[in-house]
Structure formats: structure tokens, C-alpha cells
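Coordinates in review
Below are the chains, spelled out letter by letter.
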Amino acid sequence: MKKTWIAIIMVLILITGCAKEEKKVVIASKPMTEQYILVEMLTYLIENNTDIIVEQKMGIGGGTSNIHPGMVSGEIDIYPEYTGTGWLFVLKEELINDPTELYEAVKDRYQEEYGIIWSELYGFNDTYGLAIKEQRAEELDIRSYSDLAKVSSTLNIGAEYDFYEREDGFPGLEATYGFEFDKKTELDIGLKYEGIGSDQVDVINIFSTDGRLKQYDLRVLEDDQNFFPSYFAATLIREETMKKYPELEAVLAKLDGQINNEEMTNLNYLVEIENMDPKVVAVDFLEEKGLN
């Protein structure tokens, strides 16, 4: 009987020891398609290249406002974030127009103040922008906001009401580039793409990696005076997590500079318009790039 109890105790000790040794990270996302895809990429890379288990917390309501405190407290280990959001929303600093300076500044401050590391940038910039039909852009030779300004008096722009009211929206753009649109049309946010698709308007304001850009064959114009803040994306990881699992550094670096705007737009399109599973889209992309 005594030997039986000893055996049971030994088994319990082994089980407890194994549980303690389990390696796990928690990865979170905001409630948006792009983030679901990025988290699936991170999950795949980590689980395919290490013995670390990933727990996903997808679509956290409130986005950064709830994920950032979770990172600081240690409830969350990793999530994708954008330079403009970190600098303007979290750190509440004045805009830095130069994208590289902004990235370096937000990266340094996060590590100093929160013990959070920014990876190198993925490569795409999910910022605000203006778009026009590809065919129309070719006809008018429009590639940048400055090009658009030259012919704006013959065009109709469509945007939601608050875009025309905010200083960081149309009033600021108008002052910076000298736009003189023939007409400014107010459209609900969900109707802008239908509006340009039916030629009700010629130009709309957009997010630069929206999947519907491909659906409607739109050209995103270059903000050649950097009016809008840059929102380049990267992986954020707690410094403590990186020290605990140093093998993550090389794994997360696999995404450095690997996703441009056109590629991210296409990935969003596949999920939002073609109704594909974000995990399938993410894994297919990584395998095609040879990043698995």
C-alpha cells in the first residue's frame, strides 16, 4: 500500500512539473480582418518553428484601449500594432510626419515606458488616404495628391460627414494641397465604395489596405506631402516574454518587410470579399513566401 501511494505521489509530481514547463504565449488582435490575418500568421510561425503553444484572443473590443493595458499587466504577450496609433493614441504625442522618425520614436518610448518591444515593420501602411478608379486615374494621369489637386475642379469627392469637419480631414488636406473640388458629397461610411463604383463620385477617402479597393479596382494615391499620419504595422512583444523565450526574436523577424500595401489589401480582399478563412489566407501567404 505504501509503495502504491509513493507511486501516485511521483506521478502527481511529474504531471505538475510538466504543466509548469508548458511554454505558452497569448496573442491578441483588434476586431478587424487585417488583425485576424496577422495573428494567424504569428501563430503559425511560432507554433511551426518553436515548441511554444499560442493562445489567441481575437477581436478584443475597444482594440488598443483594452489590449495595451493587457500587455502592460502581462495578460497579453504579443499583438500587431500601428506606429500612428502607438504614438498618437497611447503616448498622446504630437504628430511626427516622417514615417521613419515616427517608428524610431514610438519604438524607443514603448521600451522605456512599458517594457514593450516593437519588431521591425511588416512593410505596409494602413493609413487614411484618397482613392480614385484605376481607369480614371490613368486617363487623368493622377498618382499623387498633388496630381489630384491640379484637376480637382473637375471632380466630385465623396466622404462621410465628419471627414469634412475635422481639421485632420478635408479642411487640412484642402489647405495643404489646394484642392478645389467641383462638388463635395456626403456619404455614409458604408456607402462610399458603392458611390464610386456607380460613378456617383470620382474620389473617396479610404483606409489604404481595405479589401474593397481591389473589389472596385481603385488606385490609392500617394500622400506626397505626408499629410496623414503613418500607420505602419509591426509586432509588439513584452520584453519579459522575449527574455523568457528568446527563440521568438528570430521567428517574429520572419515578417520583417514581408508585406506591402498591395499584398495586405489582397489578403483583406480574400477574407472580406471572397469569404475565405483568415487562417487559410495567412498560411497560404506564408507558404508562398517561403516563410514557414
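Small disclaimer: the values here were computed from a predicted structure and weren't measured.

Criteria and thresholds
What you see as residue numbers is a count from 1 along each chain, following the sequence as written. Only residues with pLDDT of at least 70 get local features here, since the model is predicted, and only at 80 or more are side-chain atom pairs given and counted; chain-wide, interface and lining totals rely on the full set of residues. Working from all heavy atoms in the structure, the side-chain values ignore hydrogens and water. In this description a helix means any DSSP run of H or I spanning at least four residues, a strand means any run of E spanning at least two, and both kinds are numbered starting from the N terminus. Each residue is placed in one exposure class: buried if its accessible area under a 1.4 Å probe, protein chains only, is under 20% of its type's maximum, exposed if it is over 50%, and partly exposed if it falls in between. Here a polar contact is recorded for every N or O atom pair within 3.5 Å, except that within protein the pair must consist of a potential hydrogen donor and a potential acceptor, and residues adjacent in sequence are included only if both atoms are side-chain atoms. Two residues qualify as a contact provided that any one of their heavy atoms is within 4.5 Å of a heavy atom in the partner residue. By this rule the span expected of a helix is its residue count minus one, scaled by 1.5 Å. Here the rule is simple: two strands pair whenever DSSP picks up at least two bridges between them. For every element, the axis is a line fit to its C-alpha atoms; helices are fit only across the contacting stretch, and the angle between N-to-C directions ranges from 0 to 180 degrees. For crossovers, right-handed means that the path from the first strand over the helix to the second runs clockwise, given strands pointing away from the viewer.

Focus on the side chain of N156
Mapped onto the elements, N156 comes out in strand β6 (residues 156-159). Taking relative accessible area as the criterion, N156 reaches 10% and is therefore assigned buried. Engagement of the side chain of N156 in a polar contact is seen with the side chain of T185, the distance being 3.0 Å. Setting aside residues up to four positions removed in sequence, N156 forms contacts with K183, K184, T185, Q200, V201, D202 and V203.

Comments concerning helix α14 (residues 261-272)
When the terminal C-alpha atoms of α14 are compared, their 16 Å separation across 12 residues agrees well with the 16 Å that a helix rising 1.5 Å per residue should span. All of the buried residues along α14 are M264, T265, L267, N268, Y269 and V271. On its buried face, α14 is in contact with α2 (33-49), β4 (116-125), α11 (212-215) and α15 (278-289). Its side-chain oxygen placed 3.2 Å from the backbone nitrogen of E262, N260 serves as the N-cap of α14.

Considerations on the sheet that holds strand β8 (residues 203-207)
Pairing within the open sheet is mixed, and its 5 strands lie in the order β7-β6-β8-β5-β9. Only two strands of the sheet have a single neighbouring strand rather than two, namely β7 (183-186) and β9 (218-220). Going from strand to strand, the sheet's axes swing by 35° on average, the running direction of each strand aside. By the bridge criterion, 5 bridges tie strand β5 (residues 128-133) to β8 in an arrangement that is antiparallel. Its bridge partner being in β8, G129 is matched across the sheet by I206.

Regarding the pairing of strand β1 (residues 24-28)
The element β1 is largely enclosed, with a buried count of 4 among its 5 residues. Both β1 and strand β2 (residues 53-57) contribute to a ladder of 5 bridges, which runs parallel. Residue A28 lies in a different strand from β2, and its bridge partner there is K57. Read as a crossover between parallel neighbours, the route from β1 over α2 to β2 is right-handed.

Topic: unusual backbone geometry
Here K92, not a glycine, exhibits a phi torsion of approximately 55°, which is positive. Among the secondary structure elements, K92 is positioned in the loop between α4 (83-90) and α5 (99-114). Even without being a glycine, D199 presents a positive backbone phi close to 65°. Residue D199 is classed as exposed on the basis of its relative accessible area, which comes to 54%.

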